[in-house]
Amino acid sequence: MTITFITGANKGLGRETARRLIELGHTVLIGARDPQRGTEAAATLGARFVQIDVTDDVSVAAAAADVAEHEGTIDVLINNAGIPGPIGDPSTLTGTEALKIFDVNVIGAVRVTTAFLPLLRRSPDPVIINVSSGMGSLALTHDPSRPESKVIAPLYTASKAALTMLTTQYAKALTDIRINAADPDLTDLTDLTDLTDLTDLTDLTDLTDHSGPQTITEGTDAIVHLATEKPGAPSGRLLNRHGETTWS
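Residues numbered from 1 in each chain as written. Predicted model: local features only at pLDDT ≥ 70, side-chain atom pairs only at ≥ 80, totals over all residues. Heavy atoms only, no water.

1. Some details on the packing of aromatic side chains
Per the stated rule, a full pass over the model turns up 1 aromatic pair. Judged by centre distance (4.7 Å) and plane angle (35 degrees), the rings of F5 and F116 are tilted. Of this pair, F5 sits in strand β1 (residues 3–6) while F116 is found in helix α4 (residues 95–120), placing the two residues 111 residues apart along the sequence. For F116, a relative accessible area of 0% corresponds to the buried category. (Phe/Tyr/Trp six-rings, centres within 6.5 Å; stacked < 30°, edge-to-face > 60°. Helix = DSSP H or I, 4+ residues; strand = E, 2+ residues; numbered from the N terminus. Buried < 20%, exposed > 50% of the residue type's maximum accessible area, 1.4 Å probe, protein only.)

Structure, rendered in structure tokens:
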């Protein structure tokens, strides 16, 4: 049975990914910062809650130790936790704001990946999925026909571009693990109201006033596909629900 750990999985895309993978037979570990929300989500879905704050080294290490004690291994790691950051005119952006966004969206993925690598390497077919975004694509954000070109979110877009590059670098270096990035595309998640929680906001629902063209389930298609690929599938890709997509 495939064991999958998802960060930021108490609501939004993370929760829907967990629900779908459980239906497909995965044992899912719900990673979330808030114990109450994480416990409630896990109980509803039939998963196990593991507390994790991706911005805290001690919390991440404790989460990895918890999984090592209970499951002993994981097969799939989904780095899903993210926050959107300031929207619009960047004239007043501060270093503190930039550090906060990158700490969650990029450095958080580094922390979690490093901590969980020993558990992944106990799997016969280890997989890492970084939930990135087309908002980090130079091509899409410069294409006037695309909704990504209509949004100004400087720190979010920069962080997702960094996360996609991080994915390709890890894929080149860690050839024993399949490592890819998923673009959920613009998705309507009307339940995402708490922007302070480290749950997945990569669809930028709040930036588009809940007008994303995809359902929440469609938004998780690429993530679920990558989590259920057969051994031998390629590494170092960025996928949306329609297949491999461009980043540059």
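2. A few points about the confidence of the model for the protein chain
Mean pLDDT over the protein chain stands at 89; residues scoring 70 or higher make up 89%. Here residues 189–211 is modelled with pLDDT under 50, and outside its nearest four sequence neighbours on either side it reaches 80 contacts, counting other chains as well. (pLDDT = per-residue confidence, 0-100. Contact = heavy atoms within 4.5 Å.)

3. Some remarks on the layout of surface pockets
Quantified by volume, the largest pocket comes out at close to 180 Å³. What lines the largest pocket is a set of 13 residues, among which T2, D75, D125, A227 and E229 lie closest to the centre. Considering only residue class, the lining of the largest pocket consists of 5 nonpolar, 4 polar and 4 charged. (1 Å grid on protein atoms, 1.4 Å probe; cavity = no way out; pocket = protein on both sides within 12 Å on 5 of 7 lines; lining within 4 Å. Points joined across faces, edges and corners; volume = space filled by probe spheres on them. Nonpolar A, V, L, I, M, F, W, Y, C, P; charged D, E, K, R; others polar.)

4. Observations regarding the sheet that holds strand β5 (residues 127–131)
Backbone hydrogen bonds are what pair the strands of a sheet, in a parallel or an antiparallel way. In spatial order, the strands read β3-β2-β1-β4-β5-β6-β7-β8; together these 8 strands make up an open sheet with mixed pairing. Each edge of the sheet is formed by a strand with only one pairing partner; in this case those strands are β3 (48–51) and β8 (243–244). Here strand β7 (residues 238–240) runs beside β8; their pairing, made up of 2 bridges, is antiparallel. Within β8, the residue paired with N240 across the bridge is G243. Here helix α1 (residues 12–23) sits on the sheet and contacts β1, β2 (27–32) and β4 (76–79); the angle it forms with β1, its principal contact strand, is near 170 degrees. Taken strand by strand, α4 contacts β1, β4 and β5, and its axis lies near 175 degrees from that of β4. (Pairing = 2+ DSSP bridges. Axes fitted to C-alpha atoms, helices over the stretch in contact; angles between N-to-C directions.)

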